[in-house]
Number of protein chains: 2
Amino acid sequence: MLTMMKELVFVGLGLNDEYGITLKGLEEIKTANTVFMETYTSRMPDFNIQHLEKLCDKKIQLITRQTLEEENGKQILQAAQTGKTIFLVPGDPFIATTHITLRIDAQKIGIPTRIIHGISIMSAIVSLSGLHNYKFGKTVTVPFPETSAQTPYNVIAQNKKSGLHTLCLLDLKEPENRYLTINQAIKTLQTIEQQKQQNIITQDTVALGVARAGSNQPTLKADFIKNLTNFNFGMPPYSLIFPGDLHFMEIDALIAFADAPIELKRLSFK
Amino acid sequence: MLTMMKELVFVGLGLNDEYGITLKGLEEIKTANTVFMETYTSRMPDFNIQHLEKLCDKKIQLITRQTLEEENGKQILQAAQTGKTIFLVPGDPFIATTHITLRIDAQKIGIPTRIIHGISIMSAIVSLSGLHNYKFGKTVTVPFPETSAQTPYNVIAQNKKSGLHTLCLLDLKEPENRYLTINQAIKTLQTIEQQKQQNIITQDTVALGVARAGSNQPTLKADFIKNLTNFNFGMPPYSLIFPGDLHFMEIDALIAFADAPIELKRLSFK
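Scoring rules and cut-offs
Residues numbered from 1 in each chain as written. Chains lettered and ligands numbered in written order. Predicted model: local features only at pLDDT ≥ 70, side-chain atom pairs only at ≥ 80, totals over all residues. Heavy atoms only, no water. Helix = DSSP H or I, 4+ residues; strand = E, 2+ residues; numbered from the N terminus. Rg over C-alpha atoms; globule rule 2.2 N^0.38 Å. Buried < 20%, exposed > 50% of the residue type's maximum accessible area, 1.4 Å probe, protein only. Contact = heavy atoms within 4.5 Å. Areas by Shrake-Rupley, 256 points an atom, 1.4 Å probe, with all protein chains shown as cover. Lys, Arg positive; Asp, Glu negative; His and termini not counted. Charge placed at Lys NZ, Arg CZ, Asp CG, Glu CD. Buried area = accessible area lost by both parts, 1.4 Å probe. Salt bridge = Lys/Arg side-chain N within 4 Å of Asp/Glu carboxyl O. Polar contact = N/O pair within 3.5 Å; in protein donor to acceptor, adjacent residues only side chain to side chain. Phe/Tyr/Trp six-rings, centres within 6.5 Å; stacked < 30°, edge-to-face > 60°. Lys NZ or Arg CZ within 6 Å of the ring centre and 35° of its normal. Least-squares fit on C-alpha atoms with pLDDT ≥ 70 in both. pLDDT = per-residue confidence, 0-100. Axes fitted to C-alpha atoms, helices over the stretch in contact; angles between N-to-C directions. Parallel < 35°, antiparallel > 145°, perpendicular 65-115°, else oblique. Left-handed = near helix turned anticlockwise from the far one by under 90°. Nonpolar A, V, L, I, M, F, W, Y, C, P; charged D, E, K, R; others polar. Arc of directions from axis to C-beta.

Q: How do you make sense of the overall build of chain A when you look at a structure like this?
A: For chain A, the helix and strand inventory stands at ten helices and twelve strands. At 21 Å, chain A has a C-alpha radius of gyration in line with the 18 Å of a compact globule built from 270 residues. Overall, chain A is about 65 × 35 × 30 Å in size when its C-alpha atoms are taken along their principal axes. Counting across all 270 residues of chain A, residues that qualify as buried make up 60%. Intrachain contacts of chain A at a sequence separation of at least 6 include 77% that bridge at least 24 residues. A total accessible area of about 11,300 Å² is found for chain A, and carbon and sulfur atoms account for 49% of it. Charged side chains in chain A number 27 positive and 26 negative. The centres of these two groups are separated by 3 Å.

Shown next as structure tokens:
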């Protein structure tokens, strides 16, 4: 059933493979005139586009960051003006801020938009960790070492001061297949520690590394920084949590789900 | 295909109806021995359990908060010791902290656990709003007025001080079908404002109310508090965002997606 109503529907693909989409998302694709997809805002390790095309019985057009930026989404907007158009985005469509402009532009020229949500890395990591959601402060991205921004260090420091956990997303350059590793991110933060000397990232700071959140085999490891720097997390994508004050139930969760050392129990967290 | 491997898999149902589950989640149910579900940690407005049973061709056993708490999840753990058992939870299974203990208990007695993530209210609201994800501070729940906790007010104040947005979840008592409305939540916060006089919640404070995030017809309305208190948001569930410093692109998004007054553009936010 094809609809001729002009419409742009942003559909989240979730985190890992073509089974991360919701039943609702799949149904929306089936009734679309045109389907676009981007794969550059996030990595979906086991995604197979041909298989998704089979599942929804539609041709999916891949769109690169360059194309989308150079033509300001013209291809997508033109398609949406003639009929129902889907834009498939990894994770949840607007957790990365990348596509908000496209949605605003569509509304401005009278194209109705809708969102079919997808699993976001933000909630998946919190959920996997067993840490309490309402105890997370501001999220931050740790960039590659060539940029020497102190923002991530300052955000962790500020959150810790309020007893809050910090979720650090680690930078990636998907077209180059380049991912900041957990070890590299820790080193970047240690370099800033040496400059600022605020005892935020020491050898005895506890952190939780997460690899491949949302996949069938995520790896979680919580430990003191000194033990974490040589841990092998396997394949990307990666993220890193710096806990603030830990409730005893959160410590139990880190021991049960992230192989944290029993020693954590003896730490006098507030 | 039934597996005899003991295992407890927590599967997120997402936000609105039986189509909010991922393809992966549905496949997991199909290969389970036993399927439990709870509906009390969150409201799924259009959910139909009989229809989900048809989709996965399994009998689903509803479990109440009382049963789960009284017997510490004994029923679920016993089932998981004899074969693959699914526990269906609204949203993402561990964004509410309710079931973390059950997962820890399962691991302690040697039952492997896995998580199949679901769409979480946390990311859906951020995504719908067009506000920038990395500018959200700590999340807070606004309780019913019979508890006079000042925490929500203090969290909004603290976040604003750092220029950060605050996502307020509004309390609900699902078995009694009782939901704190956006208007009631604003009134609760105004009462605390009268006591504390910090100019955090004034008539000219901007807020964004969201009803039925993740449904086919969410309602969003951003405006000054004075205009928001009489707005009709329709059916629950509800949530409320108090923005911190707004980027001009965030203001554009609030105007485009949340019918905010053009006047917002003239406000001198940092």
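Next comes the rest of the description.
Q: Help me out: how do you make sense of the interface of chain A and chain B in this one?
A: For interface size, the figure often reported is the accessible area lost on association. Taken residue by residue, the interface counts 48 residues in chain A and 48 residues in chain B. Together chain A and chain B conceal approximately 4,300 Å² of surface at their shared face, both sides included; 64% is due to carbon and sulfur atoms. Summed over the three residues of chain A that lose the most area to chain B, namely Leu-23, Lys-24 and His-117 of chain A, the buried surface amounts to 16% of that side. Inspection of the chain A/chain B interface yields zero salt bridges. Seen at the junction of chain A and chain B, the total is 17 residue pairs in polar contact (both at pLDDT 80 or more). Of all elements in the fold, only helix H1 (23-30), helix H5 (100-108), helix H6 (121-129) and helix H10 (248-258) of chain A reach the threshold of two or more residues within the side of chain A that touches chain B.

Q: Is there a simple way to explain the packing of aromatic side chains in this structure?
A: The description of an aromatic ring pair uses the distance of the two centres, along with the angle that the planes make with each other. All names here are of chain A. Per the counting criterion, the structure on display carries six aromatic pairs over all chains. An aromatic cluster of three or more residues is present, and its members are Phe-10, Phe-87 and Phe-94. Taking NZ or CZ as reference, Arg-178 lies 4.0 Å from the ring centre of Phe-144, over its face.

Q: Is there a simple way to explain the relation of the copies chain A and chain B in this structure?
A: Each of the two chain copies can be brought onto the other by rotation about an axis and movement along it. The transformation that overlays chain A on chain B combines an axial shift of 0.0 Å with a rotation of 180°, and the residual RMSD is 0.0 Å. Each copy turns onto its partner about a two-fold axis. By C-alpha distance to the rotation axis, the residue of chain A lying nearest is Thr-22 of chain A, at 1.9 Å. When the interface residues of chain A are mapped onto chain B, 100% of them are again interface residues, pointing to one common binding face.

Q: What's the story with the side chain of Arg-43 of chain B in this structure? I'm lost.
A: Residue and element names in this part refer to chain B. In this fold, Arg-43 is placed in the loop between strand S2 (34-37) and helix H2 (49-56). On the basis of relative accessible area, Arg-43 is assigned to the buried category, the value being 18%. Within polar-contact distance, the side chain of Arg-43 engages the side chain of Tyr-179 at 3.3 Å. In contact with Arg-43, other than residues within four places in its own chain, are Leu-15, Leu-172, Glu-174, Asn-177, Tyr-179, Pro-236 and Pro-237.

Q: Any chance you could explain the confidence of the model for chain A here in plain terms?
A: Caution applies to low-pLDDT regions: their predicted coordinates should not be interpreted in detail. Averaged over all residues, the pLDDT of chain A is 93; the fraction at 70 or higher stands at 97%. If you check the scores for this complex, the pTM reads 0.94 and the ipTM reads 0.94.

Q: Please clarify how the environment of Thr-139 of chain A should be interpreted in this entry.
A: Counting through the fold element by element, Thr-139 of chain A comes out in the loop between H6 and strand S6 (140-142). Judged by relative accessible area, which is 9%, Thr-139 of chain A ranks as buried. Distance in space between the C-alpha atoms of Thr-139 of chain A and Ile-156 of chain A is 8.8 Å, their sequence separation being 17 residues. Leave out the neighbours within four places in its chain, and Thr-139 of chain A touches Met-122, Leu-167 and Leu-169 of chain A together with Tyr-134 and Phe-136 of chain B.

Q: Can you walk me through the packing of H10 of chain A against helix H5 (residues 100-108) of chain B in this structure?
A: Helix-helix packing is described using two parameters, namely the angle between the two axes and the distance between the axes. One can describe the packing of H10 of chain A onto H5 of chain B by two numbers: an axis separation of 10 Å at closest approach and a directional angle of 45°. When the interaxial angle is binned, H10 of chain A and H5 of chain B end up oblique. As H10 of chain A packs across H5 of chain B, the resulting crossing turns out to be left-handed. Every residue of H5 of chain B that contacts H10 of chain A at Met-249, Asp-252, Ala-253, Ala-256 and Phe-257 of chain A is listed here: Ile-100, Thr-101, Arg-103, Ile-104 and Gln-107 of chain B. Taken together, the residues of the contact of H10 of chain A with H5 of chain B sort by class into six nonpolar, two polar and two charged.

Q: Teacher, can you tell me more about helix H4 (residues 74-82) of chain A here?
A: In an α-helix, one turn spans 3.6 residues, which is why side chains three or four residues apart end up on the same side. Residue and element names in this part refer to chain A. Within the sequence span of H4, burial applies to Ile-76, Leu-77, Ala-79 and Ala-80. Down the axis of H4, the smallest arc covering the buried residues is 160°, so these residues share one side. Buried residues along H4 sit against strand S1 (7-12), strand S2 (34-37), helix H3 (65-70), strand S4 (84-89) and H5.

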